[in-house]
Protein chains: 2
Amino acid sequence: MMKEVVEKLEEIVEKDFILTKKELIESYLFDETSIPVRPKPTLNCIVVKPENSEQISRILKLANEKRIPVYPRGGGTGLVGGAVPTKDGIVISLERMKRIEVDRENLIAVAEAGVTLGELLKVVEEAGLSFPPHPGDEGAQIGGLVACNAGGARAVKHGVMRNFVKGIEVVLPTGEILNLGGKLLKNNMGYNLMHLILGSEGTLGIITKAVIRLCPKAEYTLTLVLPFNSRHEALSTVPTILTKGISPLALEYVEKELMEKSAMHLGEKWNIEGKVFLVVILSGTQNEVYNEAERINQICSEKGGLEVYVAERQDEQNTILKIRSNIYTALKEESADIFDTTVPPSNIGKLADMIDKIAEKYSAYIPVYGHAADGNLHAHVMKKDIDKYEKIKSEIYEATINLGGVITGEHGIGKIRVKELYKFMSPKSIELMIGIKKLFDPNNILNPGNVLSIDENQALRTEQ
Amino acid sequence: MMKEVVEKLEEIVEKDFILTKKELIESYLFDETSIPVRPKPTLNCIVVKPENSEQISRILKLANEKRIPVYPRGGGTGLVGGAVPTKDGIVISLERMKRIEVDRENLIAVAEAGVTLGELLKVVEEAGLSFPPHPGDEGAQIGGLVACNAGGARAVKHGVMRNFVKGIEVVLPTGEILNLGGKLLKNNMGYNLMHLILGSEGTLGIITKAVIRLCPKAEYTLTLVLPFNSRHEALSTVPTILTKGISPLALEYVEKELMEKSAMHLGEKWNIEGKVFLVVILSGTQNEVYNEAERINQICSEKGGLEVYVAERQDEQNTILKIRSNIYTALKEESADIFDTTVPPSNIGKLADMIDKIAEKYSAYIPVYGHAADGNLHAHVMKKDIDKYEKIKSEIYEATINLGGVITGEHGIGKIRVKELYKFMSPKSIELMIGIKKLFDPNNILNPGNVLSIDENQALRTEQ
């Protein structure tokens, strides 16, 4: 069968961009999901690299006709196995679709799916503008960032990807190419299909282009580290900062041990006194930023914090940010899974405490850190605790739901959280989601095995 | 039939809140749509005022079983006939659902559907916070604002309703009550059904509660009037202001004649020299605001503008805003229809020019004004030009689409723009929308005749 498909594909895409040999396709079979939980890929698949949406449309028509599973692939930086081809079929890599243009007058970038976050940031900066959210690894591609509605540390001030996407071009599993939205800040023309597709993780269509809102360049940033002796003191400071009208670019919660571990991993040192920290990045004019820093200083001391550390030099700010960002990397090797549970921001301290209790109960090590201002807490379950993994996961998820939260604020459902989606969503919501999937993808060719693919999910459903 | 339905309804809602007499139901039959274009309501309907979502669920189950059309109704401030009951059936008024609470720590308000915008603003202000967008008439109700994804003049800085809604409670036409989202700033748990329902204009479910993001209180505002001698000069100044990092609360484009007319209507005077104006509202700390005002002053003079008028006193700021806001009211009586076409912001000048040409071609008077920074231009067709209305509308819509725009950025489709939705949307998008409508509302009981109700639309489709 595969031979015949390859021949058909060669009528659509140049031969050089169709890969079948094991050594060539290997790097397309995994994403960044931790090994203990990541899904097993098929080895029997074809990797195709189309150069435009017309080619993708033809590939999808072929796949739809022949009922061949199709796996869209961006930068492969996902953490829930969303891009892993689990059935024999076609992987469509968007990597060659790299056109990008900046429309300065409208504060808009139009980027094809294969443009990486790093490339977008570069082009936007060259145009004298900015794209303030930093929704993940800079190797992530626009298509994936949009399809997964990526979040990141800078959602406090500006929100997640969804807030920045004003239009998309998307190829449906049945081959139609839709242009939804545009360079538009207001659009009420019928049901918003675009917002339905954002966050659908490549199961409703393949996003080939995005119209992205940009911001003016922020002239100045300042990074503050607020040290505290207790988690409670630190986290109770967060709403005070926010309700006083200070809107930081990022407001992160970290603990000493993890910052030290990350610094060591990087060959750096973390010398700031204190048990836990809030890392705050301020952006704006120089005046605004210093004014906000002064107010934060005041709030911090009122809340029992230790002396605030202010980083002004860009290299120093970068180092702090790098240490914060690399907590993930420093823990990665030993991790079995990384959660991204999200609760109402005022409950993040409670969730962290409950996770500590769960760790104690199972004699496990579960480090936590996260985006304090938006309620998004990352907790790692380590490989050494893999035998208790299912129980720990289940208890952390239960705790999150009980605090008014969701099991995923950033990473999405992918292939490894489908069962939990079923568990924590109302049956009617699931029914509607499956109905929508059927409507867009009647033959279930797009990312089967991923979120809300019909067959597996119905099996799951019967199980419960 | 109606008698039997009333009896059934009396088992659900207290008798006092079920209206059938003509003189009592009359005020529930219309919205603010201009008389020449507004749909004709049925007189044979029952108005019910449930007090909670359980009652609404029971009413919808009854209606679904008996195939009775149901029209959800908020403040009745819509401009496209969306709330007008055009078939014999039930009007569900949300007016009694008025519970509201502010969660200061999470910067969130949870408001039931019947809370008016004015009431929300009051409660939020009392809590020392703010809800910065001003998406319409203060008599509009939360349910309607959310269901129609309202916009308004302050979308420049903060975006439309969609950006502020983090969760909803919605009753489906089949009676299920869904809670989607929550007090959450990040949420990637499956397809985002909430965003699909936002902007669906009461055709997929009845929104009974909304979780709304608030902002800290802005300490200070300043209103600037930038006068220019030409439309081109004024509008070319807008992107310069925005790309320089100034983010006004509102940035409006108005012409002298309309400001004078509105001032007269209010018994005020408009004395500022100039042919056209940009009205800019700045918000922030006092320092920020004066700093931005200075930069705008500089930009304005570079762009050939006349002397900037700065209003500092709150009463003076209010007067300017009132004159701007009442252009609509001043024209209303003589208007046949009010458009809310939206284009990429850089094209708003072109659209205004094209509308002038259309006016000239048909010897019509078509005043224009609008939200310059978000590309949303309001044009009125007057009653005196009603014989040319269809042609004018069609040409304005064509011009808008050719400039990369949409026929509605704010008001929605309602009942009076369904035909144009069909004309300007791709057949596949329409097919998906109809599929979604069927999925949510298999018997087409909710707002039939409105956007994407199946029967009429299929008829329309066959027509084209």
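Residues numbered from 1 in each chain as written. Chains lettered and ligands numbered in written order. Predicted model: local features only at pLDDT ≥ 70, side-chain atom pairs only at ≥ 80, totals over all residues. Heavy atoms only, no water.

## Concerning the side chain of Lys166(A)
Within the secondary structure, Lys166(A) sits in strand 8 (residues 165-171). No salt bridge is formed by the buried Lys166(A). Its closest oppositely charged neighbour is Asp374(B), at 10 Å. A polar side-chain atom of Lys166(A) sits 3.3 Å from the main-chain carbonyl oxygen of Asn163(A). Aside from chain neighbours lying at most four places away, what touches Lys166(A) is Ile108(A), Leu180(A), Gly181(A), Gly182(A), Leu184(A), Leu185(A), Met194(A), Val211(A) and Arg213(A). (Helix = DSSP H or I, 4+ residues; strand = E, 2+ residues; numbered from the N terminus. Buried < 20%, exposed > 50% of the residue type's maximum accessible area, 1.4 Å probe, protein only. Lys, Arg positive; Asp, Glu negative; His and termini not counted. Salt bridge = Lys/Arg side-chain N within 4 Å of Asp/Glu carboxyl O. Polar contact = N/O pair within 3.5 Å; in protein donor to acceptor, adjacent residues only side chain to side chain. Contact = heavy atoms within 4.5 Å.)

## Remarks on the domain arrangement of chain A
Residue and element names in this part refer to chain A. Segmenting chain A into domains produces domain 1 (2-93), domain 2 (100-216), domain 3 (220-327), domain 4 (334-416) and domain 5 (420-463). Computed from C-alpha atoms alone, the centre-to-centre distance between domain 1 and domain 5 is 21 Å. With twelve residues of domain 1 in contact, the opposing surface of domain 5 contributes eight residues. Both faces considered, domain 1 and domain 5 share a buried interface measuring about 840 Å² in area, 51% of it formed by carbon and sulfur atoms. For the pair domain 1 and domain 5, the number of links is zero salt bridges. Inspection of the domain 1/domain 5 interface yields six residue pairs in polar contact (both at pLDDT 80 or more). (Domains from an automatic or database assignment. Buried area = accessible area lost by both parts, 1.4 Å probe.)

## What about the nonpolar core?
One recurring pattern in soluble globular proteins: nonpolar side chains tend to sit buried together. Ile168(A), Leu226(A), Leu278(A), Ile168(B), Leu226(B) and Leu278(B) are the most contacted members of the largest nonpolar core, which has 200 residues in total. Sequence-distant contacts of Ile168(A), defined by excluding residues within four places in its chain, comprise Val146(A), Leu178(A), Asn179(A), Leu180(A), Met194(A), Ile197(A), Leu198(A), Ile207(A), Lys209(A) and Ala210(A). (Core = buried A, V, L, I, M, F, W, Y, C linked by side-chain atoms within 4.5 Å.)

## Section: the pairing of strand 3 (residues 70-73) of chain B
Residue and element names in this part refer to chain B. Side chains Val 70 and Pro 72 project from strand 3 onto one buried face, and the interleaved Tyr 71 and Arg 73 project onto a second face that is buried too. Two elements, strand 3 and strand 4 (residues 89-93), share four bridges in a ladder whose sense is parallel. Each residue of the ladder has a partner; that of Arg 73, found in strand 4, is Ser 93. (Pairing = 2+ DSSP bridges.)

## Details of the relation of the copies chain A and chain B
Overlay of chain A on chain B (RMSD 0.0 Å): rotation 180 degrees, translation along the axis 0.0 Å. The relationship between the two copies is best expressed as a two-fold rotation axis. Most of the interface of chain A is mirrored in chain B: 99% of its interface residues are interface residues there too. (Least-squares fit on C-alpha atoms with pLDDT ≥ 70 in both.)

## Regarding the pattern of salt bridges
Any two side chains of opposite charge can pair, on the condition that their charged atoms come close. For the structure shown, the criterion picks out 60 salt bridges over all chains. Close ionic contact of Asp337(A) with Arg417(A) constitutes a salt bridge, the shortest N to O distance being 3.0 Å. Placement of the pair is Asp337(A) in strand 16 (residues 335-339) and Arg417(A) in the loop between helix 15 (389-402) and helix 16 (418-424), with a sequence separation of 80 residues. Pair check on accessibility: Asp337(A) and Arg417(A) agree, each one buried. Asp374(A) is the salt-bridge partner of Lys186(B), the closest N and O atoms lying 3.0 Å from each other. With one member in each of two chains, Lys186(B) in the loop between strand 9 (177-181) and helix 8 (193-197) and Asp374(A) in the loop between strand 17 (368-371) and strand 18 (376-382) form a pair that bridges those chains. One exposure class covers both Lys186(B) and Asp374(A), and it is buried. Here the salt bridges share partners, and the residues they tie into one network are Arg231(A), Glu255(A), Asp353(A) and Asp356(A).

## Section: the interface of chain A and chain B
Interface size is commonly expressed as the accessible surface area that is lost when the partners come together. Opposite the 76 residues of chain A that make contact, chain B presents 76 residues. Both faces considered, chain A and chain B share a buried interface measuring about 6400 Å² in area, 64% of it formed by carbon and sulfur atoms. Across the contact surface, chain A and chain B share six salt bridges. Between Glu410(B) and Lys186(A) there is a salt bridge, with the nearest N and O atoms lying 2.8 Å from each other. The interface formed by chain A and chain B contains 24 residue pairs in polar contact (both at pLDDT 80 or more). Broken down by element, the residue count for the side of chain A that touches chain B peaks at nine residues, all from helix 17 (residues 427-440) of chain A. A breakdown of the residues in the side of chain A that touches chain B according to their chemical character gives 35 nonpolar, 27 polar and 14 charged. (Nonpolar A, V, L, I, M, F, W, Y, C, P; charged D, E, K, R; others polar.)

## What about the packing of helix 14 (residues 348-361) of chain A against helix 15 of chain A?
Residue and element names in this part refer to chain A. At a closest axis distance of 10 Å, the pairing of helix 14 and helix 15 adopts a crossing angle of 155 degrees. In terms of orientation, helix 14 and helix 15 fall into the roughly antiparallel class. Like other packed secondary-structure pairs, helix 14 and helix 15 cross with a definite hand, here right-handed. On the side of helix 14, the interface is formed by Leu 351, Met 354, Ile 355, Ile 358 and Lys 361, while helix 15 contributes Ile 392, Glu 395, Ile 396, Ala 399 and Thr 400. (Axes fitted to C-alpha atoms, helices over the stretch in contact; angles between N-to-C directions. Parallel < 35°, antiparallel > 145°, perpendicular 65-115°, else oblique. Left-handed = near helix turned anticlockwise from the far one by under 90°.)

## Quick word on the environment of Gly167(A)
Residue and element names in this part refer to chain A. Its place among the elements puts Gly 167 in strand 8. With 46 residues separating them along the chain, Gly 167 and Arg 213 place their C-alpha atoms 9.4 Å apart. Here Gly 167 is in contact with Leu 180, Gly 181, Gly 182, Met 194, Lys 209, Ala 210 and Val 211, once residues within four sequence places are set aside.

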